[in-house]
Amino acid sequence: MLFSSSVTKAAAASDQTEAVITAITNYAEQKTFKSSYCGKAWGCFAFCNYVWKNVFGHDYYSGKLTTISTRGKSSNVYQFPSQNQAKAGDILWCHSPNSGKESITHNMIILKYDSSGIWLSDATSAGELWHNNEKINYDSPDYKDNFNGSCILTLYKISDNLWNSVSPTSASIEKNQNPPLEKHPSPLYRSTDNP
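The notes below deal with the structure included here. (Residues numbered from 1 in each chain as written. Predicted model: local features only at pLDDT ≥ 70, side-chain atom pairs only at ≥ 80, totals over all residues. Heavy atoms only, no water.)

1. Describing the pattern of salt bridges
Quick reminder of the rule: Any Lys or Arg side-chain nitrogen found within 4 Å of a carboxyl oxygen on Asp or Glu counts as a salt bridge. For the exposure calls, accessible area comes from a 1.4 Å probe over protein chains only, and a residue counts as buried if that area is under 20% of its type's maximum, exposed if over 50%, partly exposed in between. Strands are runs of DSSP state E lasting at least two residues, helices are runs of H or I lasting at least four, and both sets are numbered from the N terminus onward.
According to the stated counting rule, one finds two salt bridges in the structure shown. With a shortest N-O distance of 3.8 Å, K87 and D90 are connected by a salt bridge. Assigned by exposure class, K87 and D90 land together as buried. A salt bridge links D160 to K87; the nearest nitrogen and oxygen atoms lie 3.3 Å apart. Highlighted residues: D160 in helix α5 (residues 160-164) and K87 in the loop between α3 (79-83) and β4 (91-95), separated in sequence by 73 residues. One connected set of salt bridges, linked through shared partners, spans K87, D90 and D160.

2. A look at unusual backbone geometry
For C38, which is not glycine, the phi dihedral falls at a positive 55°. You can call C38 exposed: its relative accessible area is 59%. With phi around 55°, N133 is a residue other than glycine that occupies positive phi space.

3. Notes on helix α2 (residues 43-55)
The α-helix winds at 3.6 residues per turn, so residues separated by three or four positions along the chain end up facing the same way. In plain terms, the rule: Multiplying 1.5 Å by the residue count of a helix minus one yields the expected span of that helix.
Over its 13 residues, α2 runs 18 Å from end to end, which matches the ideal 18 Å to within 8%, given 1.5 Å per residue. α2 sits mainly inside the fold: twelve of its 13 residues count as buried. Every buried residue belonging to α2 is among G43, C44, F45, A46, F47, C48, N49, Y50, V51, W52, N54 and V55, and all of these are buried. Positive backbone phi, at 85°, marks G57, one or two positions downstream of α2.

Take a look at the structure:
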């Protein structure tokens, strides 16, 4: 009896994970957005806030999240989300400990991950869609500054009740925004666009 109950819970979690991934992927494909979010976030972090607001109904600034960070620089890009039970839709922020023009900072929406790579949706600092539900290997040249141990890793975990309320069609599409996002070939993630 206990076994079938745990199998049912695992299947439900898997179905919910797929619902969240579908909602985020569909939103990012169809959505247009400004590279600024309410004058509080820009570029890749603006993109993450638009996703959260339109898929979960709340943005980072609503406080409906849990924040977990590494205690210093880390290259454990698989272990960190795994040990902290990151879910589809959570935001991973890779940032250097120093601030200023040359600091490294990039926010991305985690969709899933395993020991070989991370599937994510993200945008450039110019506000252009970069990846949407694409697998990125941990040794990817595009993410070498983020994943090679030069950054602190911070995980913004959306609250469970908001996560559990998502259906594949949850994302709302706002009207009267900028032209559709274009896939951008270069990272352009060196900026100070984070909280």
